[in-house]
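Given next are the chains, with one letter for each unit.
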Amino acid sequence: MTVDSQGTAGAAPQDAPGRAAGKSQTPPPPSGAKESLRPPRGRRSLPSGLLPYLLVTPALLSMAVLLLYPLFRNVILSFQGVNKREMIRRETPWVGFENYTKLLGDPDFWNVVVRSLVVTAVNVALVMLFGTLIGMLLNRLGKKMRFVLSLALMFAWAMPIVASVTVFKWLFDEQFGVANWLMRSIGFSGYDQHNWFETGFSTFVIVTILLVWGSIPFVALNMYAALTTVGTELYEAAKMDGASGWRTFWSVVFPNLKPFFMITTFLEIIWIFKAFTQVYAMNQGGPDRSSETLPVFAYIEGMGQQHYGLAAAISILTIVMLLVAMSFYFRLILKQEDEQ
């Protein structure tokens with residue numbers, strides 16, 4: 001018998017021995033109609049999966065206004081015969097694929113395409129080679145020297161393109177250039193007021209030096225950051241096996257950093273292939289348009305020769321070439337994911 005707080009005697013529950021023995025008792029379900037949980041009044045929950053799309057909507061709208069609309073207008077222009085006369089008379093005659101057929105049948109266009117591909121391949125190979133070596137050097141240096149070298153790389157990377165082109169033009173100037181003075185100091189003859197921009201090949205040599213110099217910091221710093229993810233035990237195991245530095249790179253570093261090399265190489269291909277300011281500001285595509293790449297070729301045809309429809313077609317073909325390169329890259333990425 002139990003006594004409640006008011007002194008009333010009542011019978012003890014029959015399951016008291018069960019509770020004493022350690023059995024749990026679940027409370028009975030609440031009586032009455034079930035009440036559904038509702039959000040507070042004045043607030044409505046978003047449908048499932050809608051919030052991420054709302055968050056990226058401003059970025060998508062900005063891309064549509066700043067990128068997609070100009071691209072759409074450029075595609076339309078590539079099918080129109082807009083030249084100087086049409087611009088003055090404000091006419092946009094539709095010519096269909098005439099601009100594309102004219103380009104694809106023009107030997108000069110294919111010369112520029114081959115030149116652009118060769119310049120891109122040479123620059124990307126040099127950038128990846130020296131960037132990887134400097135990145136590995138950063139990984140081996142002490143804190144002070146690593147800070148000094150990283151600071152120098154950041155200064156080179158942060159320099160504006162036009163300023164760097166101006167410096168390189170001064171270095172290779174005919175009268176006051178450091179390059180001519182250095183060649184005469186070493187003992188080479190014929191470098192008294194030598195014109196380094198006399199031919200398209202020599203112009204591209206200088207442009208290559210400029211592009212490699214400006215691209216190495218990106219690859220080197222990213223390479224150093226990627227090397228920090230490789231465990232030291234792997235280096236120790238390779239050292240115990242007697243592997244050389246070259247063997248350690250191919251057996252330890254490269255397999256672990258293969259995704260880094262793929263994405264960095266792809267980004268460098270895009271950056272070098274579409275480089276415009278360095279090539280045009282160096283020698284305006286000269287001499288005799290022998291140092292033109294596809295972006296410079298499109299600019300000169302459009303703004304220089306005032307063949308705006310033809311220039312738009314050149315830019316569209318350039319985008320198509322980059323899309324082909326992107327397709328190969330994505331195929332490699334998907335293949336790598338399937339292997340994992």
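Residues numbered from 1 in each chain as written. Predicted model: local features only at pLDDT ≥ 70, side-chain atom pairs only at ≥ 80, totals over all residues. Heavy atoms only, no water.

## Notes on the overall build of the protein
The helix and strand tally for the protein stands at 15 helices and 2 strands. Here the protein holds 340 residues, and 30% of them are scored as buried. For the protein, restricting intrachain contacts to residue pairs at least 6 apart in sequence, the fraction spanning at least 24 positions comes to 63%. In the form shown here, the protein has an accessible surface area of approximately 23000 Å², with 65% of it arising from carbon and sulfur atoms. (Helix = DSSP H or I, 4+ residues; strand = E, 2+ residues; numbered from the N terminus. Buried < 20%, exposed > 50% of the residue type's maximum accessible area, 1.4 Å probe, protein only. Contact = heavy atoms within 4.5 Å. Areas by Shrake-Rupley, 256 points an atom, 1.4 Å probe, with all protein chains shown as cover.)

## A few points about the packing of helix α5 (residues 107-140) against helix α9 (residues 200-227)
Orientation of α5 relative to α9, taken along the N-to-C sense of each, is 40°, at an axis distance of 6 Å. With respect to α9, the element α5 is oriented oblique. For the pair α5 and α9, the sense of crossing is right-handed. By residue class, the composition of the contact of α5 with α9 is 18 nonpolar, 7 polar and 1 charged. (Axes fitted to C-alpha atoms, helices over the stretch in contact; angles between N-to-C directions. Parallel < 35°, antiparallel > 145°, perpendicular 65-115°, else oblique. Left-handed = near helix turned anticlockwise from the far one by under 90°. Nonpolar A, V, L, I, M, F, W, Y, C, P; charged D, E, K, R; others polar.)

## Section: the side chain of Glu268
Mapped onto the elements of the fold, Glu268 is located in helix α12 (residues 258-273). Comment: no salt bridge for buried Glu268; closest opposite-charge side chain is Lys274, at 10 Å. Those residues within four positions of Glu268 in sequence are excluded, and the remaining contacts are Val124, Val127, Met128, Ser215, Phe218 and Val219. (Lys, Arg positive; Asp, Glu negative; His and termini not counted. Salt bridge = Lys/Arg side-chain N within 4 Å of Asp/Glu carboxyl O.)

## With respect to the pattern of salt bridges
Inspection of the entire model under this criterion finds 4 salt bridges. Close ionic contact of Arg85 with Glu86 constitutes a salt bridge, the shortest N to O distance being 3.5 Å. You can call Arg85 exposed: its relative accessible area is 53%. For Glu86, a relative accessible area of 9% gives the class buried. Across the pair Arg89 and Glu91 runs a salt bridge, and its minimum N-O distance is 3.2 Å.

## As for the confidence of the model for the protein
Of all residues in the protein, 84% attain a pLDDT of 70 or more, and the chain-wide mean is 82. Contacts for the low-pLDDT stretch residues 1-24, under 50 throughout, to residues beyond four places or in other chains number 13 contacts. Confidence drops under a pLDDT of 50 for residues 32-36, and excluding neighbours within four residues, the segment shows 0 contacts in the predicted structure. (pLDDT = per-residue confidence, 0-100.)

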